[in-house]
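# Survey of secondary and tertiary structure
One letter stands for each residue in the lines below.
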Number of protein chains: 2
Amino acid sequence: METITENQKIKVAKKIKKMFGHVDRRNIEFCPIRDVMSLASDKWSILIILYLGYYPVLRFNKLRKHIYDISNKVLSERLKMLEGDGYISRKLFAEVPIRVEYSLTDFGHSYLQKLLELTEWAEKHKGTVISNRADYQKST
Amino acid sequence: METITENQKIKVAKKIKKMFGHVDRRNIEFCPIRDVMSLASDKWSILIILYLGYYPVLRFNKLRKHIYDISNKVLSERLKMLEGDGYISRKLFAEVPIRVEYSLTDFGHSYLQKLLELTEWAEKHKGTVISNRADYQKST
DNA sequence: ACACAAGGTATACAAATGGAAACTATTACT
DNA sequence: AGTAATAGTTTCCATTTGTATACCTTGTGT
């Protein structure tokens with residue numbers, strides 16, 4: 001694994017301070033973690049955004065097939081939330097049968113660019129997580 | 001907002017394909033999103049990792065005060081999981097009263113570097129999310 | 001003898017989340 | 001009249017997650 005220098009650690013701490021303003025401000029009116037990330041970094045949200053990053057346009061049932069474990073209810077809820085926060089757009093075509101197309105907004109694409117770095121990290125290091133987890137199991 | 005070009009979209013799609021291997025492989029043995037990120041991108045996990053990125057060493061009760069809304073049970077569970085996956089280390093000092101110090105591992109620091117880009121994005125764009133959310137409420 | 005400290009665990013309960021399956025609306029086709 | 005298709009919604013139920021509170025352990029100070 002690439003080692004992290006003391007210098008990098010200091011830079012990270014500075015970024016965190018800048019991000020949170022005053023690190024321990026309580027009753028913060030709107031917390032980027034609690035209020036933004038908790039929705040956008042949810043497992044289902046990540047999968048939806050990644051699939052819409054790969055397939056530019058997807059309809060409800062296609063999306064559900066790609067994310068092969070999600071129920072109608074949960075997919076529909078997540079799509080509404082992601083639309084509400086502006087990550088995705090929903091286009092309704094009043095045909096018969098009805099047709100609805102989902103796609104990423106520019107805002108969603110902007111998020112995806114950053115999100116992808118994290119999921120790439122996870123993909124790259126998943127082996128480490130697997131073996132850490134196994135070691136920890138044994139040690140208990 | 002900075003616009004995303006078609007070129008960037010194509011690059012992103014390629015990254016996703018590379019990351020997932022074959023995008024629609026089912027029964028994937030270990031999914032980076034479902035199995036790694038779902039733990040590490042959880043709201044509480046993010047807060048724990050960020051606070052340990054800012055304060056290099058924290059004890060249980062200090063950490064709980066910084067994250068001002070978390071119960072003993074949840075904090076203790078999350079710490080165990082994050083330790084199990086290798087993001088944080090737990091050092092026990094057999095003093096009286098007992099002392100336990102939590103800190104990030106190198107692996108945790110590596111994750112934090114990527115995570116931070118996402119949380120910075122969230123902090124930068126939280127205003128957009130607020131107004132998107134308000135508009136969506138009105139429209140329904 | 002008793003309280004206190006730290007770092008939790010245990011217990012009881014409430015609330016949120018998730019899944020399965022049935023159901024809805026619309027219109028065309030058989 | 002019955003069926004089919006799409007995009008969900010609704011209902012019921014089980015599981016998961018979270019909260020609050022009490023409790024535990026160990027040795028020291030009062």
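Here's a quick rundown of the structure. (Residues numbered from 1 in each chain as written. Chains lettered and ligands numbered in written order. Predicted model: local features only at pLDDT ≥ 70, side-chain atom pairs only at ≥ 80, totals over all residues. Heavy atoms only, no water.)

## Topic: the protein's contact with DNA strand C
Looking at DNA strand C, there are 19 residues lining it, with Lys73(A), Arg59(B), Ser76(B), Arg90(B) and Tyr102(B) nearest. Close to the protein, within 4 Å, the atoms of DNA strand C are drawn from sugar and phosphate at a rate of 69%. Contacts to DNA strand C include Lys73(A), whose side-chain N or O atom sits 2.6 Å from a base oxygen. The separation between a phosphate oxygen of DNA strand C and a polar main-chain atom of Val100(B) is 3.1 Å. Take the surface near DNA strand C: its biggest share by element is four residues, from helix α5 (residues 72-85) of chain B. For the surface near DNA strand C, the class distribution of residues is seven nonpolar, four polar and eight charged. (Near = heavy atom within 4 Å. Polar contact = N/O pair within 3.5 Å; in protein donor to acceptor, adjacent residues only side chain to side chain. Helix = DSSP H or I, 4+ residues; strand = E, 2+ residues; numbered from the N terminus. Nonpolar A, V, L, I, M, F, W, Y, C, P; charged D, E, K, R; others polar.)

## Some remarks on the relation of the copies chain B and chain A
Look at the two chain copies: a rotation about an axis and a shift along it is all it takes to match them. Its rotation angle being 180 degrees, the transformation that places chain B on chain A also includes 0.0 Å of axial translation and leaves an RMSD of 0.1 Å. Here the transformation between the copies is reduced to the relation of a two-fold axis. Minimal C-alpha separation from the rotation axis in chain B is found for Ser41(B), amounting to 3.0 Å. A symmetric contact is evident, with 100% of the interface residues of chain B recurring at the interface of chain A. (Least-squares fit on C-alpha atoms with pLDDT ≥ 70 in both. Contact = heavy atoms within 4.5 Å.)

## Quick word on the interface of chain B and chain A
Interface size, as often reported, equals the accessible area lost upon joining of the parts. Of the residues lining the interface, 75 residues belong to chain B; the matching set on chain A comes to 75 residues. Carbon and sulfur atoms make up 66% of the area that chain B and chain A hide from each other, which totals about 7500 Å². On inspection of chain B and its partner chain A, the count reaches two salt bridges. A salt bridge links Arg133(B) to Asp85(A), with the shortest nitrogen-to-oxygen separation between them at 2.6 Å. Secondary structure elements with two or more residues in the side of chain B that touches chain A: α1 (6-20), α2 (32-40), α3 (43-54), α4 (60-66), α5, α6 (106-124) and α7 (126-138) of chain B. In terms of residue count, the dominant contributor to the side of chain B that touches chain A is α6(B) (17 residues). When its residues are assigned to classes, the side of chain B that touches chain A shows 36 nonpolar, 16 polar and 23 charged. (Buried area = accessible area lost by both parts, 1.4 Å probe. Salt bridge = Lys/Arg side-chain N within 4 Å of Asp/Glu carboxyl O.)

## Comments concerning the nonpolar core
Residues Leu50(A), Tyr87(A), Leu50(B) and Tyr87(B) are the most contacted members of the largest nonpolar core, which totals 82 residues. In this structure, Leu50(A) is in contact with Leu112(A), Leu116(A), Thr119(A), Ile16(B), Met19(B), Phe20(B) and Ile33(B), ignoring residues within four places of it in sequence. (Core = buried A, V, L, I, M, F, W, Y, C linked by side-chain atoms within 4.5 Å. Buried < 20%, exposed > 50% of the residue type's maximum accessible area, 1.4 Å probe, protein only.)

## Points about the pairing of strand β2 (residues 88-93) of chain B
Residues and elements named next belong to chain B. Bridging between β2 and strand β3 (residues 99-104) involves six bridges; their strand directions are antiparallel. For Ser89, the partnering residue across the bridge sits in β3 and is Ser103. From the end of β2 to the start of β3, which pair antiparallel, there are five residues. (Pairing = 2+ DSSP bridges.)

## Some points on the pattern of salt bridges
Scanning the entire structure with this criterion turns up twelve salt bridges over all chains. Between Glu6(B) and Lys9(B) there is a salt bridge, with the nearest N and O atoms lying 3.6 Å from each other. Within this pair, Glu6(B) and its partner Lys9(B) are both found in helix α1, separated by three residues, close to a single helical turn. What you see here is one network of salt bridges that share partners, running through Glu95(A), Arg99(A) and Glu101(A).

## Thoughts on the sheet that holds strand β1 (residues 58-59) of chain A
Hydrogen bonds between backbone groups are what pair the strands of a sheet, and the pairing can be parallel or antiparallel. Residue and element names in this part refer to chain A. Strand order in the open sheet made by the three strands is β1-β3-β2, with antiparallel pairing throughout. Across the chains shown, the open sheet's two edge strands, defined by having one partner strand only, are β1 and β2 (88-93). With two bridges joining them, β1 and strand β3 (residues 99-104) adopt antiparallel strand pairing. In the sheet register, Leu58 faces β3, and the bridge partner there is Tyr102.

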